[in-house]
Structures are given as C-alpha cells and as structure tokens.
Amino acid sequence: MSQTATQTSQQAQTVLDDEQVVVFDVANEFYAVNIARVHEIIRLQQITVIPGAPEFVEGVINLRGKVIPVLDLRKRFHLNVSEHTRSSRIVVVELSNQTIGLIVDGVSEVLRIPADQVDPPSPLVAGIDSRYLRGIAKLENRLIVLLDIDKVLSILEQQQIEASAIN
Amino acid sequence: MKGTNMAGKQLTFDATPEELNLFISEGEEQLEILNQDILRLEQEGDSNSELLQEIFRAAHTLKGSSGAIGHQRMAKLTHSAETVLDHVRRHTLAVSTKLIDLLLQSLDVLRTLLDEVTTGVESEITIDKLCDDLNGLVNQNNKTEPDPQAAAPKESPVKPAKEAKPKLEDFISGSHIWEIDCAIDENCLMPPGRALQAYIAIQQFGKIVQSTPPADVIEYGKDLTVKKLHFELDLAAQMDGIEQALTIVLEKIPEIKVISCKAAGAFGAAADTDNTANQNAVSCSVAIDAACPMPAVRALQAIIAAGKFGTVITSVPSAEDIDQSKVTAGTNVQMQVAPNMPLNEFIDSLRNAVNHIPELMFVESEQASPETKAVEGSATKNSATAVEKITAENTAKSTAETKNSSATESETQIKTGATASHAPRMVRIDVERLDALMNLVGELVIDRTRLARIASQLNGHTDNPAIVEDLTETSRRLTRLSDDLQVEVMRSRMLPIESVFSKFPRLVRDLAQKVSKHIDFIVEGKDTELDRSVAEQISDPIIHLLRNSIDHGIETEEERTAIGKNPVGQIRLSARHEENQIVIDVEDDGHGIDPEKLKAKALSKGLISSESASHMGNREALELIFLSGFSTAEKISDISGRGVGMDIVRTNIEKLNGSITLETEIGQGTRFTVRLPLTLAIIRALLINVGSQVYALPLNSVIEALRIEAKDIRSINNHEAIELRGEVLPLIRLAEFFDGKIERNTSADAREFIVAVRWGNRRGGLIVDSLIGEQEIVIKSLGNVFRASNGVSGGAVLGDGQVAPILDIPAIIKQIINAERDRVPA
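Owing to the predicted nature of the structure, the values given are computational and were not obtained by experimental measurement.

Peer 1: Before we go on, may I ask you to explain the overall build of chain A in this structure?
Peer 2: A tally of helices and strands in chain A yields three helices and eleven strands. Each helix and strand of chain A, ordered N terminal to C terminal, gives the series α-β-β-β-β-β-α-β-β-β-β-β-β-α. Within chain A, buried positions represent 46% of all 167 residues. With an accessible surface of roughly 8900 Å², chain A has 49% of that area assigned to carbon and sulfur atoms.

Peer 1: Could you clarify how one ought to interpret the overall build of chain B in this entry?
Peer 2: Helix and strand counts for chain B come out as 29 helices and 26 strands. Out of the 826 residues belonging to chain B, those deemed buried represent 51%. Contacts spanning at least 24 positions in sequence make up 73% of the contacts within chain B whose residues lie at least 6 apart. Looking at chain B as shown, the accessible area adds up to about 38700 Å², and 50% of this sits on carbon and sulfur atoms.

Peer 1: I'm lost on the side chain of Thr670(B) in this one. Help?
Peer 2: Residue and element names in this part refer to chain B. With respect to the secondary-structure elements, Thr670 resides in strand E15 (residues 669-677). Here Thr670 falls in the buried class, since its relative accessible area comes to 5%. A polar contact is formed between the side chain of Thr670 and the side chain of Thr664, at a distance of 3.3 Å. Dropping the residues within four chain positions of it, Thr670 is found in contact with Val586, Glu587, Asp588, Gly592, Ile593, Leu662, Glu663 and Thr664.

Peer 1: Mind showing me how you'd approach the nonpolar core here?
Peer 2: Among soluble globular proteins, nonpolar side chains are generally buried collectively. Residues and elements named next belong to chain B. Among the nonpolar cores identified, the biggest contains 47 residues, and Phe501, Phe504, Ile542, Ile584, Ile660 and Leu676 are the most heavily contacted of them. Considering each element in turn, this core owes the most residues, eight residues, to helix H22 (residues 532-553). If we ignore the near neighbours within four places in the chain, the residues touching Ile584 are Ile497, Phe501, Ile538, Ile542, Leu573, Ser574, Ala575, Phe672, Thr673, Val674 and Leu676.

Peer 1: Is there a simple way to think about the sheet that holds strand E1 (residues 19-26) of chain A in this case?
Peer 2: Neighbouring strands of a sheet are bound in pairs by backbone hydrogen bonds; such pairs are parallel or else antiparallel. Residue and element names in this part refer to chain A. With mixed pairing, the six strands of this open sheet are ordered in space as E8-E1-E2-E11-E10-E9. The open sheet has two free edges, formed respectively by strand E8 (106-113) and strand E9 (118-119), since each of these has just one partner strand. Pairing geometry for strand E10 (residues 133-139) and strand E11 (residues 142-147), over six bridges, is antiparallel. The residue of E11 that forms the bridge with Ile136 is Val145.

Peer 1: Help me out: how do you make sense of the packing of aromatic side chains in this one?
Peer 2: Two numbers describe a pair of aromatic rings. These are the distance of the centres and the angle of the planes. Evaluation of the coordinates by the stated rule reveals one aromatic pair over all chains. When the centroid spacing of 5.9 Å and the interplanar angle of 40° are considered together, the rings of Phe501(B) and Phe504(B) count as tilted. Taking the relative accessible area as the measure of exposure, Phe504(B) reaches 0% and is therefore buried. Geometry around Phe30(A) places Arg142(A) over its ring, the cationic atom sitting 4.9 Å from the centre. In this structure, Arg89(B) packs its charged tip against the face of Phe56(B), placed 3.9 Å from the ring centre.

Peer 1: I keep staring at the pattern of salt bridges and nothing clicks. Help me out?
Peer 2: Should their charged atoms come close, side chains of opposite charge can pair. All names here are of chain B. Enumeration over the complete set of coordinates arrives at 37 salt bridges over all chains. In this structure, Arg560 engages Glu555 in a salt bridge whose closest nitrogen and oxygen atoms are separated by 2.8 Å. Since its relative accessible area comes to 1%, Arg560 is described here as buried. For Glu555, a relative accessible area of 4% corresponds to the buried category. Salt bridges sharing partners connect three or more residues here, namely Glu42, Asp101, Asp108, Arg506, Arg509 and Asp510.

Peer 1: Help me out: how do you make sense of the packing of helix H4 (residues 97-119) of chain B against helix H21 (residues 504-514) of chain B in this one?
Peer 2: Packed helices, taken two at a time, are described by their axes: the angle between them and the distance between them. Residue and element names in this part refer to chain B. Their axes nearest at 13 Å, the elements H4 and H21 cross at an angle of 125°. Our classification of the angle between H4 and H21 gives oblique. In terms of crossing hand, the pair formed by H4 and H21 is left-handed. Residue-level inspection shows Thr97, Ile100, Asp101, Leu104 and Asp108 of H4 in contact with H21, the latter providing Arg506, Arg509 and Gln513.

Peer 1: I tried to follow the pairing of strand E12 (residues 569-578) of chain B on my own but got confused; where do I start?
Peer 2: Regular strands place side chains that alternate from one sheet face to the opposite one. Residue and element names in this part refer to chain B. With six bridges connecting them, strand E10 (residues 519-524) and E12 associate as parallel partners. Bridging from a neighbouring strand, Glu524 pairs with Ser574 of E12. Taken together, the eight bridges between E12 and strand E13 (residues 581-588) define a ladder with antiparallel strand orientation. Residue pairing in the sheet places Ser574 in a bridge with Asp585 of E13.

Peer 1: Would you mind going over the interface of chain A and chain B with me for this structure?
Peer 2: Every contact between the two is made by 24 residues of chain A and, on the other side, 22 residues of chain B. For the pair chain A and chain B, the two sides together bury roughly 1800 Å², of which 60% comes from carbon and sulfur. For the interface between chain A and chain B, the tally reads zero salt bridges. Where chain A touches chain B, the interface holds two residue pairs in polar contact (both at pLDDT 80 or more).

Peer 1: When you look at the confidence of the model for chain B in this model, what are you seeing that I'm missing?
Peer 2: Low pLDDT means the predicted atomic positions in that stretch should not be read closely. All names here are of chain B. Considering every residue of chain B, the mean pLDDT works out to 74; 77% of them sit at 70 or more. Low pLDDT, under 50, characterises residues 143-175; the stretch is placed with 67 contacts to residues that sit more than four places away or in other chains. Residue range residues 265-278 is modelled with pLDDT below 50. Its contacts to residues more than four positions away, or to other chains, number 18 contacts.

Peer 1: Teacher, can you tell me more about the pairing of strand E20 (residues 719-724) of chain B here?
Peer 2: All names here are of chain B. E20 sits mainly inside the fold: five of its six residues count as buried. With three bridges connecting them, strand E19 (residues 714-716) and E20 associate as antiparallel partners. For Ile716, the partnering residue across the bridge sits in E20 and is His719. Between E19 and the antiparallel strand that follows it, E20, lie two residues; Asn717 among them carries a positive phi value of about 50°. Pairing analysis gives four bridges linking E20 to strand E21 (residues 727-733), with the strands arranged antiparallel. Within E21, the position partnered with Ile722 by the bridge is Leu729.

Peer 1: I keep staring at the sheet that holds strand E4 (residues 57-63) of chain A and nothing clicks. Help me out?
Peer 2: Residues and elements named next belong to chain A. Strand order in the open sheet made by the five strands is E3-E6-E7-E5-E4, with mixed pairing throughout. Taken across any chain shown, the strands that pair with only one partner, and hence form the sheet edges, are strand E3 (38-43) and E4. Taking each pair of neighbouring strands and ignoring which way they run, the sheet shows an average axis angle of 30°. Bridging between strand E6 (residues 89-94) and strand E7 (residues 99-104) involves six bridges; their strand directions are antiparallel. The residue of E7 that forms the bridge with Val92 is Gly101.

Peer 1: When you look at unusual backbone geometry in this model, what are you seeing that I'm missing?
Peer 2: For residues other than glycine, phi is negative in most cases, and the peptide bonds are mostly trans. Even without a glycine there, the phi angle at Asn28(A) is positive, about 65°. Looking at where Asn28(A) falls in the secondary structure, it is placed in the loop between E1 and strand E2 (29-34). The backbone of Ser516(B) sits at a positive phi, close to 50°, despite the residue not being glycine. Turning to its location among the elements, Ser516(B) is positioned in the loop between H21 and E10.

Peer 1: Help me understand helix H14 (residues 343-355) of chain B in this model?
Peer 2: Residue pairs spaced three or four apart in an α-helix point in one direction, given the helix's 3.6 residues per turn. Residue and element names in this part refer to chain B. Counted at 1.5 Å a residue, the expected span for H14 with its 13 residues is 18 Å, and the 18 Å between its end C-alpha atoms agrees. Every buried residue belonging to H14 is among Phe346, Ile347, Leu350 and Val354, and all of these are buried. When H14 is viewed along its axis, its buried side chains cluster within an angular range of 95° and face the same direction.

What counts and what doesn't
- Residues numbered from 1 in each chain as written.
- Chains lettered and ligands numbered in written order.
- Predicted model: local features only at pLDDT ≥ 70, side-chain atom pairs only at ≥ 80, totals over all residues.
- Heavy atoms only, no water.
- Helix = DSSP H or I, 4+ residues; strand = E, 2+ residues; numbered from the N terminus.
- Buried < 20%, exposed > 50% of the residue type's maximum accessible area, 1.4 Å probe, protein only.
- Areas by Shrake-Rupley, 256 points an atom, 1.4 Å probe, with all protein chains shown as cover.
- Contact = heavy atoms within 4.5 Å.
- Polar contact = N/O pair within 3.5 Å; in protein donor to acceptor, adjacent residues only side chain to side chain.
- Core = buried A, V, L, I, M, F, W, Y, C linked by side-chain atoms within 4.5 Å.
- Pairing = 2+ DSSP bridges.
- Phe/Tyr/Trp six-rings, centres within 6.5 Å; stacked < 30°, edge-to-face > 60°.
- Lys NZ or Arg CZ within 6 Å of the ring centre and 35° of its normal.
- Salt bridge = Lys/Arg side-chain N within 4 Å of Asp/Glu carboxyl O.
- Axes fitted to C-alpha atoms, helices over the stretch in contact; angles between N-to-C directions.
- Parallel < 35°, antiparallel > 145°, perpendicular 65-115°, else oblique.
- Left-handed = near helix turned anticlockwise from the far one by under 90°.
- Buried area = accessible area lost by both parts, 1.4 Å probe.
- pLDDT = per-residue confidence, 0-100.
- Expected span 1.5 Å × (residues − 1).
- Arc of directions from axis to C-beta.

Given below as structure tokens:
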C-alpha cells in the first residue's frame, strides 16, 4: 500500500515538473504533445487512401521506406473538416508499438510549460473528447490542450475492434 | 525455482554460454540426423552399413559432447542408445519395431534433455526406465543368441566407434601409440565423470588401445578410486602438434592434470625412430585420376605400395579419411615415407609400383631436408600436412579459448584440416541479420526503381542530354547490380525444404501406427529451396494435410484389401519449383472425396442452403471443404477432424500469398496442391489505376489483363459478367467495391479494362480504370489500424515513393462469389 502511495506521488512529481512540448494548431485551438514523443514534423505529402479504413484515418504515407498511417486530428476530434493548406503539417509521433502521423493545421512553436500552469482536463473544455487530454495549460493569454497521444490511437483501436466485431 | 520438486533443479555445465550454444545447435543437428536415419533404418533394415555407421557416429558424437559439457543424464542415455546401435551395426541385434520405438523415444527424451541446456533447469523427465529398456534389448539378445562379440560388450563400451574399422592401420606401419598419463585432483568429487571426460577427449584423436583403469570401470565407475589414469592411444595417422593438442584438450577438463604425454615405442619403429626416420623421410605424391570411381581404394593401394619399400610416417588423406572414404578423385595422395632402401632405388620402385596401379600416377618424390624439419617439422614440404599441422595448432589455441566439447571440436577441425580443400566453408548467421539484409535490399529496390523513373522523366526535359544518358546508363547498371544482389540475398535465405520435410516421416509413422494403417510415405524434391520465412510457416499447413490424408484419406487395411487395393496405403509429399513459386503436393491413394457427401454434410451443418446446394457444381462442392466448421470425418479423432482444419490451412497459406487447390477422384485418391511464393518480402505485381490512385495486384493471382467493349458485359441475375473463352467470368468494379459509388459508363462504345484474377479454382474479373504495368514491389505491413480494411492486404512502396495498396484478391473474389450466391436465388 505504501508502494502505491509512492508511485502516485512520483507520478504527481512528474506532472509537477516543467515539460517541453511541441505546440500545433487544429481548427484555431492550440494543442501540444510532449517533445519526446515527436519523431519529426514533415510537410504534407500525397497520402494513399486505404479503402475500408476508419473515417478519421486519412491513409498512409511512405516515411523513408516505412509505411505509416496518418490520422486527421480534425476528424479525430470531430471538428469541422477543412481543406489542407500550405501550412498544414504532419506531426510524426512515436507510440509504444508504432509510428503514426497526425495532420495538423500548422505547427507554431516548442514551449516549456511550467507544471504549475497545468490544470487537469475538464470535460467541458475545448469541446473535444476529454479522454484524449492530459491537461490544460494556461499560458499568458492562451490555453494549450495537452494531448494524451497514446489514447488517441488506443481508443481508436478499441473502436476498430468494436467495428470489426459488428461486421 | 523454489516450491517445485527436485525436477526444478538448476543445472550447471562445464562450458561457457557460447560453447553451450554451439553444443545446442550441434546437438540439434545430430538429433535431426538420428531422427531421419533411424526411420530409414526401420525401412531399409540393417543391410546398409553406411547408414549404420552414420547413425552410430551421430550417437557417438552426441555422447562425446554431452559428456564433455558434463550433462550426465544425456551422456548416460546416449550411451545406452549407442550400445544398442553398436549391436545393430555388428548385426548381433536385429532391427525390430520395438527397437526403433525405443530409439525414437530416446530421441524425444534427448531433445528434452537438450532443452535443459537452454533452460538451465532439470526437466521432470526420467531416463532410467528408457536406459533399462535399451539395455534390456541388448541383454535379452545376449541370452538368446550367445555371440562372443555381443557377450562381451562391456569390454569396450566407450570406444566402439573405431572398432569396426578394417585393419587399415595394419597396412601402414606408421600407426603410433601415445602414452598419456593423467592425474585426477585429490579433491575431485566425481572422479568417474572426469575420467570419462578424459577418455572421451582422448578418444577423439584415435583409438584407445589400453586404458587403466579399464574403459568399463571408467564408464560405470561407481567405485573408481584410482586418481591416476593411463591411456595408450593409437593415432590413426601421425600428426604434428598432437602432444600440445592432447595436453591442452585434457587440461581444459577441470581437475584433470596431465602428467605425461609421449610417444610410445610399442608399435613399429615409426614413432620411436621418429627423428631418425624423418631424417631420411621422403615426400611422395601420387595423383588419383579425376575420373576414378573409388578414390579411397586407390589411395589405400598407393599407401600400401609405399609401405612395401619403407615406413609410411604420415599420409594425407589419413588412414582414417581413407577408411571413411573421404578421398576425392583428382587429388594427390601425399605421403612421408622413410625408405628402407637407398633413395634412388626407393623412388624407382615406388614409381614402378604406383604406375602399375590403375588410375594412379606417381607425381614426385623429394627428400625432406633435416634442417627444415628441425625448424618446422617434417610436414613443411607437404602443404596438406602443413594445413593439418596448423589446424592442430589452431585447435589447440581455440581449445584454449573455447573448452567446449573440446575433443569433438578438435576432431572435426583436424579432419577438416586434412580435407581442407573439399570441406564446404560455412558460416552460421543469425536469421535476424538476414532479415535486416533483406529489408535493406528492399529499400534498394525501391530506390533503384525511383532512379529509373527520374531518368525517364528527365529525358527530353533538359539541355544536357549527355547527362541524362549517363544517368540512364548508371540507373541501368544499378538495376542489374541490385537484381543480382537481391538474388544473392534471397538465395542466402533459402533453405532446402528438407528442413521442413525431415520431421514428417516420423509424424506419418506415429500417426499411422495410432490408427493402425500401413502407409508408405514417399517424399520427393527435398532439395527444393525456399525462403526461410516461408519455410517457417508452411510446416503446420502441411502437417494438417498429412493428418487428413492419414486419418480420412487412406482407407483401413481391411477396406483396402476388400476393394482389391494394395493394403499398404501411399502418401506422396513432393515439392518443386514452378516459375516463381514453390509447389507442394500432398497426394494419397485413398478413397477420394465425394462432392455429394460434402454437399450433404455442409447442408446438414447449415453451412449452405439446399437451394445453393442444388445449384452447386462438383468443383464448387469440393471448395466446401475449406469452409470453416467443416469436417467430413464420421467420427472425431484426436488426429484430425475437429472441424477447424481446412479453412485454417487455406487461411494460413493465403496469408503467405499462396493458394491451395485439390483434385480428387473417388476411389483413387486425393491431391492437395499448395502454391507459395519463393519469398514473402518482394513480389511482382501488376499496377493498376482506380480513380486517382494506384493499386498493386500480386502477379501470381493475375491470369490476364484484357480490354473489352462495354457492350460485351452481360448482366446475369443483375450481376455483371463476361464470357471469357467459354467460361463465365463474374466481374466486380473496383471503384464501386471501394467507394460504394455507382458510376457506370453507359455509352455502348466505351471500353473497359479488365484484369482476370484467380483464387484457387475461382476466377473473377476486376474492372479497373487503366493498367500501368508490372513492377517489383516490396511488401510492407499496414499495421493494426487497417486490420478491418477489406480488400487490402498490405502496402507497397512504388518507385516514386508513393504507397500503393496491395489488393487482397482472395477477399475480393470471396465478395464476388458471395454477391453471386446472394443473387442466384433472386
């Protein structure tokens, strides 16, 4: 029991530390992913559509010989879908067992977020599914949503399994 | 480990982890050889002395090396098995089913014991009963059939390996006795074990003619108290550095100390007069004709001839090599001979004698100078012997580093040394490294295609055509090189299918025994090579097919006799290459498959409707066997017939981009044909366009591509089809298949591109927007996200870096069939 307590406090400790994140915008909102998880940021390239893929999966791209799936975060978060622009980018992130690309409207900066500026996610904030969120950072005059990148896909996979079970 | 009984005992071995790995891989090889050969023994009986020797040698090696690392249980069991094999080899014990059963059982147990080396934990298996049974075979035999040889097997239980030798050494006066004295440490806890290790180590160098304490005491030496060991070793041939090699090998055994190791003067003058003889030694070389059918005999004749005029000190090939027929026609026999007559006379006599022997030719003779000898030993003039010497030294060195099964290794190395020019030079490579290499080649293939594309795009779009030409030329060269590289890498990953097939004879034998059927199992095309990754995955489907044939295919003996068939059933497993595929047939001469029965069964199981059953042709009915939940066995047996069989087989084969079909004739038998690509990583594909996107179709499922008039497309039951050479080819529009959109080009003079594809016996036509062409593609997995995607099996990276989905032809054809079926009743 004391062990559990230590673990919890350790987790709390990590959250309390400063965090370096990559900030990008999707539908005029700012989102951030821990910099350690970002593999690279690339320009939008031609995406191959895979027939029968889930709707929010845009398709696949060839990342130097490796074929990786690309997700549109707008679709993932059920936001308005718009045409990709010149500033659109693919943020390539490493998940525990695979690499995926996230299409964002633009990448703005790399920031250091002090831990005391982060609030726990509230279901009411930002209008997107709070399951994907790790917290909300209040910085000067803007809010940055910290994404829980593993959940973005794990929830996706769960839905997939459900979907294929129905089929 | 705590909590388990004594079976969980930790094991320690006298070897480093690397040595243990070597021991494991060698052990597996020996077990594999034994497995195959013992089955052959069952079939061929004990008339094939070569086979018997091979079996015996494998068992002996296994015993030696397991003794060397101190795996007592393994050494004990191999010893019992070896004793039985020795009797079989000497024809004092007949080959019986019981004997084979016991030997095969021993192999199974040995495999478990070998696994103990990996896990380091003693398994629960017991060997005593098996050892008793094996010994029982021998003892029982002794009672019924008193044979002087068999009656006294204990006299030389450890050394029979060399015993069956013809008295070849007697022809060569150069056989040498070495006396070796060792001491076992006072504090040693298990003197018998150390003594046995020493015995085995020494034995690798030759025949032990005398041992104190005697071999049987050492072997069973419960009451071995002596701490001093004395061996007299009869070397097959003189070898330089033997003393060092022996000493080092022995000193690697813990608690063993070499007191002395010296040549004895007992046999002939050779060893004794080593120095004086060598002073006069003559190097002789005799060539064996390249067309000689039995070089070993000629080599022996040459040595005997030389023996008439002097003392043969060394020879390459050695007596042992000759004995084991390790002599290659077209090579020279090199000898060191100490003449017993004046040199000129000796050379003339020898030349005369040798040239009178057919297929032999005296090449040269040269007196070795004493100075050289003093420095480098008598073998310097004789390159082959020099190799032998160096190898012996290397062995000594390497033994110093790797004391692993020291003796075994030195034996092989010395032998290799003697036949250095003929031995295949092999390197063991980790499979992962080969996989990495294959991936890199895949990348290279992508890039060279891209380069070729850039070159063709530049053509005509630049002011400097010379550079473009240069680029084109370079790209062509690169294509050639990477093609060659790809072929080489693929070949290095290839295995003979024997590696898969080798375990089947045993399997068939056991299963046949279980169902009391007699089956003649024929394996053909064992040498057919296929990619390692395919080989790894093809085993299970074949096992399933074999099980089906044994259980359902072949009739019982009574049934067969009743209908006038040979009571012994036949199953033929064959492999061959056909184009870029490997084709495996599993064929039995059983009662065949009745399509009507299949239909009835499927109907009763509710897998098909009575409506569709009545429409079903024979071919279609046979396909029912691949439906999931289908089993035709009247009763469920533990061999097969759980009803999960053939659909799994088909699914697994299709995962490998392969296909399975069957042909059957009632009363005559059934043949399943499995077709597989040679490799899984790179395939040839037909690229097509649908909408704005490129798709790849694996070429092995493409029959042909056609262009037809839109008006030729018929609508049958509201389903599009065309007639292709008398057969109806159902069509599917890929654009609709993927998007669900229906945009039919209704203008009558429009043309459509159709790619006819097949899956098993089924055909279908895919309507595509345009054809692009053939290309080699590298298959990439799309990952879990696209698990549910129907109709796509993977992704291919094309020359321009784009990804093209690879179409899953089986899934698409299934869809066509389902659509057809749905519409038929309408």
